[in-house]
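Secondary and tertiary structure notes
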Amino acid sequence: SSADLLETIFNRLVDHFGPQHWWPAQSPFEVIVGAILTQNTNWRNVERAIDNLQRAGVLSLEKLLELPIDLLAQYIRPAGYYNLKAQRLKNCIHMICQQYDGDLDLFLGEDTFGLREQLLKVKGIGPETADSILLYGANKPIFVVDTYTYRILSRHNIISEESDYGTIQELFMDNLKADSDLFNEYHALIVMTGKEFCKKTKPLCEKCPLNGLQGYGVEIENRVG
């Protein structure tokens, strides 16, 4: 069954990598900022941008609200697309101020789907960014899907190549218990697998902890070629 298969994948990955303790942030607000900054870049660049904000003493809702956008863009420059991302951060902060009186606890305490709806209305926030904020910032049991999830599952013929974000998310949420700790750990393990083994080109299938996953003919060469 799908539930057994997803459990097998999780167990193999946790045996190989150990617990991930993701997301590396000091506060829920830092998760929100990181989730927006990590679009189209790697985490090292995000850390440098967040470090700049911390050193400048502006890593808070109130401070970023007041900060001129061109200055914000300079601080987050290491994350790339910095003008665009500065605008997205401002858009998100304005939504929290308008819809939740700038009260972060009120925002994070909103019910899962109400919160998701508000986030998706923000220009520049798509499902992956919204769900990262929900799971890692607000501790809501929602599964985050990314390119690694799609790549790993389609290479193992678990999903079709036409599967969209919602379909993949449902696969996990319908077959696993709704537990934010489990979803947190599972997503982080998928990211590790994608980075270390299931690479875009030249995947290291022989060494991968998911090699020879039972019940699925893995036609990696045809898929990647």
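Calculation rules
Residues numbered from 1 in each chain as written. Predicted model: local features only at pLDDT ≥ 70, side-chain atom pairs only at ≥ 80, totals over all residues. Heavy atoms only, no water. Core = buried A, V, L, I, M, F, W, Y, C linked by side-chain atoms within 4.5 Å. Buried < 20%, exposed > 50% of the residue type's maximum accessible area, 1.4 Å probe, protein only. Contact = heavy atoms within 4.5 Å. 1 Å grid on protein atoms, 1.4 Å probe; cavity = no way out; pocket = protein on both sides within 12 Å on 5 of 7 lines; lining within 4 Å. Points joined across faces, edges and corners; volume = space filled by probe spheres on them. Helix = DSSP H or I, 4+ residues; strand = E, 2+ residues; numbered from the N terminus. Nonpolar A, V, L, I, M, F, W, Y, C, P; charged D, E, K, R; others polar.

**Let's talk about the nonpolar core**
Ile9, Phe107 and Leu119 are the most contacted members of the largest nonpolar core, which has 74 residues in total. When residues no more than four places from it in sequence are discounted, the contact partners of Phe107 are Ile32, Met95, Ile96, Tyr100, Leu115 and Leu119.

**Brief notes about the layout of surface pockets**
Estimated volume of the largest pocket: approximately 690 Å³. As for the largest pocket, its lining consists of 23 residues, and the residues nearest its centre are Thr38, Thr41, Glu128, Asp146 and Tyr148. Secondary-structure elements contributing two or more residues to the lining of the largest pocket are helix H3 (43–55), helix H9 (127–137), helix H10 (147–155) and helix H12 (180–196). In terms of residue count, the dominant contributor to the lining of the largest pocket is H12 (five residues). Residues of the lining of the largest pocket, tallied by class, amount to nine nonpolar, 10 polar and four charged.

**Topic: unusual backbone geometry**
The omega torsion of the bond from Trp22 to Trp23 falls at 25°, within 30 degrees of zero and hence cis. Note on placement: Trp23 falls in the loop between helix H1 (2–17) and helix H2 (28–37). Of note, His21 is a non-glycine position whose phi angle comes to about 50°, a positive value. Tracing the chain through its elements places His21 in the loop between H1 and H2. According to the relative accessible area criterion, His21 is exposed, its value standing at 65%.

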